[in-house]
Amino acid sequence: MAYRQFEGKEQASSYWKYRFPPSDHLIQQLLDFVEKQKGGPYELAVDVGCGPGRGTVLLAKHFASVVGLDVSPAQIEVALQRSKEPNITFRQSVAEELPFADSSVDLVTSMSAFHWFDRPRFLQEVHRVLKNRGCLALLSFHNDAELNYSNCCSHTLSQIIKEFCAALKAHRIAHIGPNHMNLYKEAYESIPYPDKEWHERVPVKRTMTLSEIMRMMETYGDYQALLSDDPQKATRLTQDIAQRLMSVMGVTSMETEVEVVQTYFCLVACKPQVV
């Protein structure tokens, strides 16, 4: 069963502004796997659950054509507004019925969306549309993050973020379970392709203001569930976390910049040659 989330215009805009896109380095790791397993030509890449397209655009310079798919019209609208690359198109589509012919796609990606899909049906569709030696890349990130600021204690700042995430666990959507990385590990184990790799800790760094960090964390599914259940509690939580971060850092402005290190995990797999 697929689960539909984050379909409003405000959420789509927040995704574009505040969500961490994968780094160029991480994308290159995926492409190195494709090169090793398949090689060129790189004709078509499909990004499923693309949201506003922040990850999709990173594929544009590597493929002749890139298609971003998302079930949400609002996410597609933002993607179309933001993307200027001539070789990218965006379409509204569910993940379990990919609008492509059999054996037509070189690379299928899903960036921080796979855990919302009907996973067995999606993986069946991926197998259908991939070319022989075509590749699949599924990636997401851990919600907690490491914060670094001047001579401030990074451990203390990072612990505050961990406590924020821990406070949201009671509002986690049941089908995801205590740690959504486990769903990706299960997929890795279940995919019957012999050529596959699992990468558990791929750090991605970015400079953000404290305000941007809080807005990013407010896009998390667990927080959105809390916001729906108890808006006042959700607001108190973010205000408390923001005040604690500023206190530890010794600053008074939420526009203070810090280095944020978010850790990605990913699986890559190559469809075998079918005679």
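Owing to the predicted nature of the structure, the values given are computational and were not obtained by experimental measurement.

Cut-offs and rules
Residues numbered from 1 in each chain as written. Predicted model: local features only at pLDDT ≥ 70, side-chain atom pairs only at ≥ 80, totals over all residues. Heavy atoms only, no water. 1 Å grid on protein atoms, 1.4 Å probe; cavity = no way out; pocket = protein on both sides within 12 Å on 5 of 7 lines; lining within 4 Å. Points joined across faces, edges and corners; volume = space filled by probe spheres on them. Helix = DSSP H or I, 4+ residues; strand = E, 2+ residues; numbered from the N terminus. Nonpolar A, V, L, I, M, F, W, Y, C, P; charged D, E, K, R; others polar. Salt bridge = Lys/Arg side-chain N within 4 Å of Asp/Glu carboxyl O. Contact = heavy atoms within 4.5 Å. Polar contact = N/O pair within 3.5 Å; in protein donor to acceptor, adjacent residues only side chain to side chain.

1. Quick look at empty space enclosed by the protein
In step 1: Scanning all chains against the criterion turns up one cavity of 30 Å³ or more.
In step 2: Estimated volume of the largest cavity: approximately 200 Å³.
In step 3: Contributing to the lining of the largest cavity are 15 residues, with His115, Trp116, Asn143, His180 and Gly221 lying nearest its centre.
In step 4: Counting residues per element, the lining of the largest cavity draws most heavily on strand E5 (residues 130-148), which supplies three residues.
In step 5: Class assignment of the residues belonging to the lining of the largest cavity gives a composition of six nonpolar, six polar and three charged.

2. Structural notes on the pattern of salt bridges
In step 1: Applying the stated criterion across every chain, the model contains eleven salt bridges.
In step 2: The shortest N-O distance in the salt bridge between Asp102 and Arg128 comes to 2.8 Å. Here Asp102, found in the loop between strand E3 (88-92) and strand E4 (105-111), pairs with Arg128, found in helix H4 (residues 119-129); they are 26 residues apart in sequence, far enough to count as distant.
In step 3: Linked by salt bridges that have partners in common, Lys38, Glu43, Asp106 and Lys131 make up one network.

3. Quick word on the environment of Gln262
In step 1: The residue Gln262 is located in strand E7 (residues 257-270) in this model.
In step 2: The contacts of Gln262, once residues within four sequence positions are left out, are Phe20, Phe141, His142, Asn143, Val202, Pro203, Val204, Met216 and Tyr220.
In step 3: Here the side chain of Gln262 touches Tyr220 through a polar contact of 3.1 Å, side chain to side chain.

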